Amino acid sequence: MRSAARNRLVDRAFRWVGLLATLVSLLLLALFLADILHAGVGRLSWAFLRGLPSRFPERAGIYAALLGTVWIGAITALVAVPVGLAAAVYLEEYGAKSRWAALVEINISNLAGVPSIIYGLLGLEVFVRFWHLGASVLAAGCTLALLILPILIVTTREALKAVPHTLREASYALGATRWQTTWHQVLPAASGGILTGLILALARAVGETAPLVVIGVLAYVPFAPAGPLDEFSALPVQIFNWIARPQKAFGADAAAAIIVLLIITFGLNGGAIYLRQRWRQRLP
Amino acid sequence: MAELLAQHVSVYYGTNRVLEDVCLDIDERTVTALIGPSGCGKSTFLRLFNRMNDFIPDFRLEGEILIHDANIYAPDADVEELRKQVGMVFQQPNPFPKSVYDNVTYGLVLQGERTKAVLDAAVEKALRQAALWDEVKDHLHKSALALSGGQQQRLCIARALAIAPHTLLMDEPASALDPIATAKIEELVQELKKDYTILIVTHNMQQAKRVSDKTAFFNFGRLIEYGDTPAFFEQPQQEQTRNYLNGHFG
C-alpha cells in the first residue's frame, strides 16, 4: 500500500478507535447511573432526607449524614482556604526560584498523591487523639483540609500564574509594594480560578470515605451535630455502612444516598465549570 | 540643572553586559528621545530610572543614577517612593481589569487617600491631562478593558499622572497603536512637557524628530550620540548615527 494511502487509513482508523474509547467510558458511566437510579430512586423522598438512621430499612433516613457532610464541607473549607491561599501566594509571589522552592514544589505534588487513608491515620493521631478533638466534625474537617491542601495550593498557584505579568508591572510602577500588588491586583484577577480550584477540591473532600472511617465517624448517629465538637455521621460512611448490612433492603437506601451524594458532587463540579467559563472570558 | 543624571552606567544581566559606560544628563521639563536598533539597551536604560530592572534576576548596575542629586540605587533608597516620583507608561497598554475610575485612583488609594471629593477631583484632572476626559466622563465606572487601544494607553498615562510624578518614562508608548491614536499621544507629550520631564523610547525616528527636544542614540549598549534634536537629525556627528538615520541598519 502506498504511504499516503496508509496514512489516511491510520487516520480514519484512529478516529474510530478514539470515538469507541470515549463511548465506552461514557457508556459505563451511563450504565452505572442507570443502575443506581433504578435501585434508589424509589426510596428518595422528603421522609428519606429528613429521617434518621434506623434498624428498619424502610424507615432509615440520611438527615444526620447529610448534615454531617455539610458541616464537614464547611469546616474543611474554613481551614483549608486561608492556609492554602497563603501558602500558594507565598510560593508564587514571594518564593525565589531557589532550589529550596523547587524542593517544596515537588513535595507538594507528592503530597497530592498520598492515599487518603494515610491522611485518615494522620488525622486520628493528631486531631482526634493528640488535640483531644475526639471523633468530631472539627477533627474530620481538619483532616480533610490537610487532604485537599496540596491540590488547593497547586490550583491556586495555577490561577496566580495565569494573571499576566504586565498587571503586576503596572502596579509596581505606581509605587506599590509586593503585598499591595498581590492584594489589590493579583488576587482579584485570579479569584475566579482560585474559586474554581476550591470548589473542585471540596467536591472531592465531601466524597472521601477512608479518612472518615479511620477517624471513627459513626454510621449510627440518631441525631444531627449541633456543634463542631459533636460526634457525627457523613454520607459516604452512611453509604458504606448500609451496603455492609446483610438486609438487602438497605441496598435501596444506600443507592438513594448515593444519588444524593452524586447530586451534591455534580452540582459542585458543574458550578466550578460554570465559574471557570465566566472567569476565562473576563481576563484581558 | 540636571534633573536626571547617569554617570558611567554599565548594566549586566549575569555575565551579559547590556549597557556600557553610559553618561547622560537630562534637564527638567524636556522631552528626550532614546532611539536605536532592537536590543541596543534603550529600554533597559529607561527602566533604570524607576528601578523596574530590579525584577530581573541577576541584574547588576555599575555607576550611578542620580535624581535630584540623590543616588537612587543607594542601599537605603526608598524604591516605592521613587516609583511614585517617576512614573512609567508601557509599550502595551496595561490597564487593570477594573473601572476607568478605579484605574486612575489606584495610585492614590495605595497611598491611603480615601476622601471621595479628593479622588473625584484627581480623576478629572488626570483624565483631562491625558486628553481622555471628554471621552470617558460619562462612563467612569465602565470597565477599562472596554476602551479602544489608544484610549487604554491614554488611561495608563492618566493613571501615571494621577499621583503627580515629576518625571514620566514612556517605553514605546505608541508602537501598539494606529496612526491616529499615535498622533494623539504625540500631541499629548508636547502638552505634558510643560509640567513633566519626559523620557521616551521610540523605534520610530520620525516620531523622535517630531516630539523631542533632545535625542540620544544607543547602539550595542553604548551611547553613541546625544544632542539637541534639530541638530542631531540635520548633522549627526558620529558615523554610526549617520548610518542608522539613513536606514543602513535597523
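Residues numbered from 1 in each chain as written. Chains lettered and ligands numbered in written order. Predicted model: local features only at pLDDT ≥ 70, side-chain atom pairs only at ≥ 80, totals over all residues.

## Section: the overall build of chain A
Going by this rule: The secondary structure listing takes helices from DSSP runs of H or I that are at least 4 residues long and strands from runs of E that are at least 2 residues long, numbered from the N terminus. Once C-beta atoms are placed from the backbone, each residue is buried if 20 or more other C-beta atoms lie within 10 Å of its own, exposed if 12 or fewer, and partly exposed for counts between those two. Here the contact rule is simple: place C-beta atoms from the backbone, and any two residues whose C-beta atoms are within 7 Å are in contact.
The secondary structure content of chain A amounts to eleven helices and zero strands. Here the C-alpha coordinates of chain A stretch approximately 70 × 70 × 35 Å along the principal axes. Taken across its 284 residues, chain A has 39% of its residues classed as buried. Taking the intrachain contacts of chain A between residues at least 6 apart in sequence as the baseline, contacts between residues at least 24 apart amount to 76%.

## Comments concerning the overall build of chain B
Let me state the cut-off plainly: For the radius of gyration, the atoms used are the C-alpha atoms, and the globule rule reads 2.2 Å times the number of residues raised to 0.38.
The helix and strand inventory of chain B stands at ten helices and ten strands. Here chain B has a C-alpha radius of gyration of 18 Å; the compact-globule value for 250 residues is 18 Å, and the two agree. The dimensions of chain B, computed from C-alpha atoms along their principal axes, are 55 × 45 × 35 Å. Within chain B, the fraction of its 250 residues that count as buried is 45%. Contacts in chain B between residues far apart in sequence, at least 24 positions, make up 68% of those at least 6 positions apart.

## A short note on helix α5 (residues 116-130) of chain A
Residues and elements named next belong to chain A. The criterion, for reference: A helix's residues, less one, multiplied by 1.5 Å, set its expected span. A residue's bend is given by the angle between axes fitted to the 7 residues ending at it and the 7 residues starting at it.
Taking 1.5 Å of rise per residue, 15 residues should cover 21 Å, and α5 covers 20 Å from first to last C-alpha, within 8% of that figure. Of all the bends found along α5, the most pronounced is centred on glycine 123 and spans about 35°. All buried positions along α5 are accounted for by Tyr119, Gly120, Gly123, Phe127 and Val128. Histidine 132 sits one or two residues past α5 and shows a positive phi near 55°.

## Digging into the interface of chain A and chain B
Taken together, the 16 residues of chain A in the interface contact 18 residues of chain B. Listing elements by their share of the side of chain A that touches chain B, those giving two or more residues are α7 (165-172) and α8 (178-207) of chain A. Element by element, the count of residues in the side of chain A that touches chain B is highest for α7(A), at five residues.

## Looking at the nonpolar core
Put simply, the test is: For this analysis, nonpolar core means a set of buried Ala, Val, Leu, Ile, Met, Phe, Trp, Tyr and Cys residues linked through C-beta atoms within 7 Å.
If you look at the biggest cluster of nonpolar residues, it comprises 140 residues, and the most contacted ones within it are A:Ile148, A:Ala257 and B:Ala158. Per-element accounting of this core gives the leading share, 17 residues, to helix α6 (residues 137-161) of chain A. Leaving out residues up to four positions away in the same chain, A:Ala257 has contacts with A:Ile62, A:Leu235, A:Gln238, A:Ile239 and A:Trp242.

## Structural notes on the sheet that holds strand β10 (residues 222-228) of chain B
All names here are of chain B. Selection rule: A pair of strands counts as paired when DSSP detects no fewer than two bridges linking them. Only the stretch in contact is used when a helix axis is fitted, and all axes are lines through C-alpha atoms; the angle between N-to-C directions ranges over 0 to 180 degrees.
Read from one edge to the other, the open sheet built from six strands follows the order β6-β7-β8-β3-β9-β10, with strand pairing classed as mixed. On the outer flanks of this sheet lie β6 (86-89) and β10, each paired with one strand and no other. Each adjacent strand pair in this sheet contributes to an overall mean axis angle of 15°, direction not counted. Relative to strand β8 (residues 197-201), strand β7 (residues 167-171) runs parallel, the two being bridged by five bridges. Note that in β8 the partner of threonine 167 across the bridge is threonine 197.

## So, the packing of α6(A) against α8(A)
Residue and element names in this part refer to chain A. Note the following rule: The labels follow the angle: roughly parallel below 35 degrees, roughly antiparallel above 145, roughly perpendicular from 65 to 115, and oblique for the rest. Here is the rule for handedness: rotate from the far helix to the near one, and if that takes an anticlockwise turn smaller than a right angle the crossing is left-handed, while a clockwise turn gives right-handed. Residues are grouped as follows: Ala, Val, Leu, Ile, Met, Phe, Trp, Tyr, Cys and Pro are nonpolar; Asp, Glu, Lys and Arg are charged; all remaining types, including Gly, are polar.
Orientation of α6 relative to α8, taken along the N-to-C sense of each, is 150°, at an axis distance of 8 Å. When the interaxial angle is binned, α6 and α8 end up roughly antiparallel. The two elements α6 and α8 cross, and the hand of that crossing is right-handed. Within the contact between the two elements, α6 uses Leu144, Leu147, Ile148, Ile151, Leu152, Thr155, Thr156, Glu158, Ala159 and Leu160 and α8 uses Val186, Ala190, Gly193, Ile194, Gly197, Leu198, Ala201, Arg204 and Ala205. In terms of residue class, the contact of α6 with α8 is built from 13 nonpolar, four polar and two charged.

## Quick word on unusual backbone geometry
Residues and elements named next belong to chain B. The phi dihedral of histidine 8 falls on the positive side, at around 50°, and the residue is not glycine. Locating histidine 8 in the fold gives a position in strand β1 (residues 2-13). Of note in this structure, arginine 51 is not a glycine but carries a positive phi near 55°. Considering the arrangement of structural elements, one finds arginine 51 in the loop between α1 (42-48) and β4 (59-67).

## Notes on the environment of A:Asn269
Mapped onto the elements of the fold, A:Asn269 is located in helix α11 (residues 249-282). Considering only alpha carbons, one finds A:Asn269 and A:Ile199, 70 residues apart in sequence, at a separation of 7.0 Å.

## Focus on the environment of B:Leu127
Residue and element names in this part refer to chain B. Looking at the secondary structure, you find leucine 127 in helix α4 (residues 116-129). With 26 C-beta atoms counted inside 10 Å, the residue leucine 127 sits in the buried group. C-alpha separation for the pair leucine 127 and arginine 159, spaced 32 residues apart in sequence, amounts to 8.2 Å. Setting aside chain neighbours within four positions, we find leucine 127 in contact with Val104, Leu132, Trp133, Val136 and Ala158.

## Focus: the confidence of the model for chain B
How we decide: Confidence scores labelled pLDDT are given residue by residue by the predictor and lie between 0 and 100.
Per-residue pLDDT for chain B averages 93, and the proportion of residues at 70 or more is 99%. For this predicted complex, the interface confidence reaches an ipTM of 0.93, while the overall pTM sits at 0.83.

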